Amino acid sequence: MLLIHCPYCNQTLPELEFTYAGEAHIARPADPSSVSDEEWRDFLFIRTNVKGPHYERWRHFHGCGRYFNAVRDTVSDRFLITYKTDDPRPELSKLLEKSK
Amino acid sequence: MTVLTHAFTPGPIVASGQVKLTLMAPVARFSLRLRAANIPAVSKAIGVDLATTVGARAANGTTESICLGPDEWLIIAKPDDTETVTNACADVYASATHSLTEVSAREVTVRIEGERASELLTIGCPRDIDSIPVGGGCRTVIDGVTVVLWRDAEQSFRMDIWRSFALHIIDLLCTGCKEFAAE
Ligand SMILES: [Zn+2]
């Protein structure tokens, strides 16, 4: 079973306690009525669908209940890092360096 | 082995063997949400020093608390103390904003104890039970159902289960007890 580190519980716990919640760092337009249909479509539906390290959201559903962010390699399923939602987006090159 | 119904009459469910299951008497339950700055004021009001580490517990007499998330606690008290807790929190609300919701009827609690109690939990709980310290607890999952687990002693646990899932989970635990007995 996949083990996931929850940055709020500060514990590494079984995947079954967590739910996946899509790509991370997608900001909702501050003023939705001023954006074009294409921009709104992109916000709602268009995702990067990365093959490799992917910035994504997870929720510790059967635990603290919190959403948090993670970088997971979509090929190997390996988590490079998990971090709190208000933490800055970590630099990928540094994560890859660290995981070697 | 007792057949349990939705009446949830407290008493023994599995009375003998390596693990005993008991449906516990009703308690007052509260869901408490608040920001870090207001922890001291609310702790003082309810008379329990709220812990700030997820999974950590604190108690004062029969009033108990467990930290379930960075801004979330579960408070347990005697049914007679329901109003005391509610009023104490209401009194500090103006200066220490929080949300206190009484959820007493939401869950039932099962005591799981005996030499193989921790092993029994592995029938549906993916968390490493050994990682839960005595005197600690956690919200976790068992067979797809969210529960709160309190570890009171090495081999004595309480499990708070939402009523509508309780018969299913208790049935599962009974099955585990039967498996132990059949070994
Ligand atoms: Zn968590």
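Preceding this paragraph is the structure being described.
Predicted model only: the values in this text are computed from it and were never measured. (Residues numbered from 1 in each chain as written. Chains lettered and ligands numbered in written order. Predicted model: local features only at pLDDT ≥ 70, side-chain atom pairs only at ≥ 80, totals over all residues. Heavy atoms only, no water.)

Caption draft 1: Spotlight on the coordination of the zinc ion. All names here are of chain A. Looking at the metal site, the zinc ion is ligated by Cys6 (SG), Cys9 (SG), His60 (ND1) and Cys64 (SG), spaced 2.0 to 2.4 Å from it. Geometry at the zinc ion is tetrahedral, judged from its four donor atoms and the angles of 103 to 115 degrees they form at the metal. On the primary sequence, the residues serving as donors to the zinc ion are separated as C-x2-C-x50-H-x3-C. You can see Cys6 sitting in strand S1 (residues 3–6) and its partner Cys64 sitting in the loop between strand S4 (53–59) and strand S5 (67–73), a full 58 residues away along the chain. Accessibility expressed as a relative area gives 5% for Cys64, which makes it buried. (Donors = N, O, S within 2.8 Å, 3.2 Å for Na, K, Ca; no water. Tetrahedral: all angles 85-135°; square planar, octahedral: opposite > 155°, others 65-115°. Helix = DSSP H or I, 4+ residues; strand = E, 2+ residues; numbered from the N terminus. Buried < 20%, exposed > 50% of the residue type's maximum accessible area, 1.4 Å probe, protein only.)

Caption draft 2: Seen up close, the side chain of Arg151 of chain B. Residue and element names in this part refer to chain B. Relative to the helices and strands, Arg151 resides in strand S10 (residues 145–153). Polar contacts involving the side chain of Arg151 include one to the main-chain carbonyl oxygen of Ile129, which spans 3.1 Å. Not counting residues up to four positions away in its chain, the partners in contact with Arg151 are Arg57, Ser118, Ile129, Asp130, Ile132, Pro133, Val134, Gly135, Gly136, Gly137, Ser156 and Phe157. (Polar contact = N/O pair within 3.5 Å; in protein donor to acceptor, adjacent residues only side chain to side chain. Contact = heavy atoms within 4.5 Å.)

Caption draft 3: Structural view of the interface of chain B and chain A. Taken together, the 13 residues of chain B in the interface contact 15 residues of chain A. Here chain B packs against chain A, burying approximately 1100 Å² in sum over the two surfaces, 53% of which is carbon and sulfur. Counting every contact that joins chain B to chain A gives two salt bridges. Salt-bridge contacts for Glu17 of chain A lead to Arg127 of chain B; the nearest nitrogen and oxygen are separated by 2.8 Å. The interface formed by chain B and chain A holds five residue pairs in polar contact (both at pLDDT 80 or more) in total. The biggest single contributor to the side of chain B that touches chain A is strand S9 (residues 137–142) of chain B, with three residues. (Buried area = accessible area lost by both parts, 1.4 Å probe. Salt bridge = Lys/Arg side-chain N within 4 Å of Asp/Glu carboxyl O.)

Caption draft 4: Summary view of the packing of aromatic side chains. Taken as a whole and judged by the stated rule, the model has four aromatic pairs over all chains. Here Trp40 of chain A and Phe43 of chain A contribute two aromatic rings whose centre-to-centre distance is 5.1 Å and whose plane-to-plane angle is 40 degrees, an arrangement assigned as tilted. Pair noted here: Trp40 of chain A and Phe43 of chain A are both in helix H1 (residues 37–45), with a separation of three residues, about one helical turn. Grouped by ring-pair contacts, the aromatic residues Tyr20, Trp58 and Phe79 of chain A constitute a single cluster. Between Arg66 of chain A and the ring centre of Tyr8 of chain A, over which it is positioned, the NZ or CZ distance is 5.3 Å. Across from the ring centre of Phe180 of chain B, 3.9 Å away, lies the NZ or CZ of Arg116 of chain B, which sits over that ring. (Phe/Tyr/Trp six-rings, centres within 6.5 Å; stacked < 30°, edge-to-face > 60°. Lys NZ or Arg CZ within 6 Å of the ring centre and 35° of its normal.)

Caption draft 5: Layout of the packing of helix H1 (residues 39–46) of chain B against helix H2 (residues 82–92) of chain B. Residue and element names in this part refer to chain B. At a closest axis distance of 8 Å, the pairing of H1 and H2 adopts a crossing angle of 145 degrees. The chirality of how H1 crosses H2 is right-handed. Judged by residue contacts, Ala41, Val42, Ala45 and Ile46 of H1 engage Val85, Ala88, Cys89 and Val92 from H2. (Axes fitted to C-alpha atoms, helices over the stretch in contact; angles between N-to-C directions. Left-handed = near helix turned anticlockwise from the far one by under 90°.)

Purely geometric numbers; function is a separate question.
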